[in-house]
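Each chain, letter by letter, is given below.
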Amino acid sequence: MIKVALLLGTVALTLGAATAPPQKVDLLIRGGTIYTGTMAPFVGDIAIRGDKIVSVSRHANVTAARTIEAKGMIVAPGFIDPHTHMGEDLASKDPAERLVPAFLMQGVTTAFIGNDGGGDPDMVKVLGRAKDSSVGINYAAYAGFGAIRAKVVGRDNRAPTPAEMTQMKGLVADAMCHGALGFSTGLFYAPQSFATTGEVIELAREAGKRGGTYDSHIRDESSYNIGLAAAIDEAIRIGREGRLPTHISHIKALGVDVQGQ
Ligand SMILES: [Zn+2]
């Protein structure tokens with residue numbers, strides 16, 4: 001019933017538009033299969049003026065400065081990829097590499113970097129460099145626990161001193177104040193694996209206080225150390241006690257040992 005109503009609505013709009021003089025637009029994307037994300041896909045036109053979509057319909061009554069024929073192709077809003085390792089590509093000296101065509105060709109227009117605890121916490125550098133050397137995609141960056149711990153504690157298997165803890169908290173806070181999306185960890189990987197849950201909570205809280213998200217490659221996706229279920233419990237605890245939204249990256253039960261968990 002809803003489908004019929006939507007369809008009739010579109011037909012009525014189209015008929016109404018046919019009698020009016022055609023609108024002038026800058027860009028017409030014609031005849032593609034449109035996925036809006038909120039209704040069933042349909043073949044139609046998208047009209048754009050400036051940087052605004054002015055109509056999405058089965059047939060746009062417009063004259064366009066430029067037309068892209070999209071017959072047989074899918075037209076969809078750009079995808080957001082929340083877990084990538086394209087940081088080095090975006091920092092490349094080669095402009096072609098900075099375009100990240102492999103992502104664009106898949107429809108990804110926004111990506112997160114610095115996942116798994118690998119993100120340089122120097123946001124002035126990470127986010128600022130796109131001003132001078134343009135990149136092909138919108139991106140947001142996490143401050144990475146691995147980079148922070150390596151910088152302050154080194155790669156040793158030991159607890160940080162109180163002074164080192166203060167320094168690490170400062171780096172998270174500073175990253176957040178300069179536009180980081182949040183705090184990421186990869187607790188499976190050394191030296192992050194040397195950290196207790198309590199240490200991670202303290203640092204995550206610095207991100208949480210400033211509106212950040214916690215993003216984690218958990219300590220164990222299988223049966224390598226604490227086990228899958230305990231590692232998920234740990235991520236939830238960090239989110240709860242750190243008081244910030246938590247995202248578990250590439251969540252899975254890895255291997256036959258944890259099948260069905
Ligand atoms: Zn990962």
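Here the structure is shown first, and the text comes after it.
Q: How should a nonpolar patch on the surface be read in this particular structure?
A: A cluster of nonpolar side chains, namely Phe-188, Tyr-189, Tyr-224 and Leu-254, defines an oily patch on the protein surface of about 380 Å² accessible area. One can find Leu-254 in the segment after β11 (246–248).

Q: Which parts of the structure should I look at to understand the nonpolar core?
A: Within soluble globular proteins, side chains that are nonpolar tend to cluster in buried spots. Judged by nonpolar contacts, the single largest core of 33 residues is most densely connected at Phe-145, Met-168, Phe-183, Val-200 and Tyr-214. Elements that contribute at least two residues to this core include exactly β7 (108–113), α5 (123–132), β8 (138–144), α6 (145–152), α7 (162–177) and α8 (197–208). Core analysis: the second largest hydrophobic core is formed by eight residues, Ile-29, Ile-34, Phe-42 and Ala-70 among them.

Q: Looking at this structure, how should I read the coordination of the zinc ion?
A: Any two of four tetrahedral donors ideally make an angle of 109.5 degrees at the metal, while pairs among six octahedral donors ideally make 90 or 180 degrees. Protein coordination at the zinc ion: the donors are Asp-116 (OD), Asp-116 (OD), His-217 (ND1) and His-250 (NE2), at 2.1 to 2.5 Å from the metal. Between the donor residues of the zinc ion, the gaps in sequence give the motif D-x100-H-x32-H. Linking Asp-116 in the loop between β7 and α5 with His-250 in the segment after β11, this pair joins segments that are 134 residues apart in sequence. You can call Asp-116 buried: its relative accessible area is 11%. Relative accessible area serves as the criterion here: at 33%, His-250 is assigned to the partly exposed category.

Q: Even after reading the chapter, I still don't get the sheet that holds β7, so can you show me in this structure?
A: Pairing between the strands of a sheet is mediated by backbone hydrogen bonds and can be parallel or antiparallel. A sheet is described by the order of its strands in space; here six strands give the open sequence β6-β7-β8-β9-β10-β11, paired in parallel fashion. Edge positions in the sheet fall to β6 (79–81) and β11, since each has one partner strand and no second. Geometrically, the sheet is characterised by an average inter-axis angle of 25° between neighbouring strands, direction not taken into account. Across three bridges, the pairing between strand β10 (residues 213–217) and β11 is parallel. From the neighbouring strand, Asp-215 faces β11, where its bridge partner is His-247. Strand contacts of α8: β9 (182–186) and β10, with the helix running at about 155° to β9, the strand carrying the most contacts. Sheet strands in contact with helix α9 (residues 228–242) are β10 and β11, and its direction is about 160° off that of β11.

Q: What is the right way to read the packing of aromatic side chains from this model?
A: Describing an aromatic ring pair means giving the distance of the ring centres and the angle of the ring planes. Taken as a whole and judged by the stated rule, the model has five aromatic pairs. Plain terms: the ring middles of Phe-188 and Tyr-189 are 5.5 Å apart, the flat faces sit at 75° to each other, and that makes the pair edge-to-face. Judged by its relative accessible area of 35%, Tyr-189 is partly exposed. Arranged with centres 5.6 Å apart and planes meeting at 45°, the rings of Phe-188 and Tyr-224 form a pair that is tilted.

Q: Just checking my understanding: could you explain the environment of Gln-167 for this structure?
A: Mapped onto the elements, Gln-167 comes out in helix α7. When its relative accessible area of 46% is taken as the criterion, Gln-167 is described as partly exposed.

Q: Can you walk me through the environment of Ala-147 in this structure?
A: Examined against the element boundaries, Ala-147 turns out to sit in helix α6. If near-sequence neighbours (up to four positions away) are discounted, Ala-147 is found in contact with Gly-117, Gly-118, Gly-119, Asp-120 and Pro-121.

Q: Any chance you could explain the pairing of β8 here in plain terms?
A: The buried fraction of β8 amounts to six of the seven residues, a majority that puts the element mostly inside the structure. Taken together, the four bridges between β7 and β8 define a ladder with parallel strand orientation. Within β8, the residue paired with Ile-113 across the bridge is Ala-141. As paired strands, β8 and β9 are joined by three bridges and run parallel to one another. Residue pairing in the sheet places Gly-144 in a bridge with Ser-184 of β9.

Parameters and conventions
- Residues numbered from 1 in each chain as written.
- Predicted model: local features only at pLDDT ≥ 70, side-chain atom pairs only at ≥ 80, totals over all residues.
- Heavy atoms only, no water.
- Patch = residues over 30% accessible without salt bridge, like charges linked within 9 Å, V, L, I, M, F, W, Y side chains within 5 Å.
- Areas by Shrake-Rupley, 256 points an atom, 1.4 Å probe, with all protein chains shown as cover.
- Salt bridge = Lys/Arg side-chain N within 4 Å of Asp/Glu carboxyl O.
- Helix = DSSP H or I, 4+ residues; strand = E, 2+ residues; numbered from the N terminus.
- Core = buried A, V, L, I, M, F, W, Y, C linked by side-chain atoms within 4.5 Å.
- Buried < 20%, exposed > 50% of the residue type's maximum accessible area, 1.4 Å probe, protein only.
- Donors = N, O, S within 2.8 Å, 3.2 Å for Na, K, Ca; no water.
- Pairing = 2+ DSSP bridges.
- Axes fitted to C-alpha atoms, helices over the stretch in contact; angles between N-to-C directions.
- Contact = heavy atoms within 4.5 Å.
- Phe/Tyr/Trp six-rings, centres within 6.5 Å; stacked < 30°, edge-to-face > 60°.

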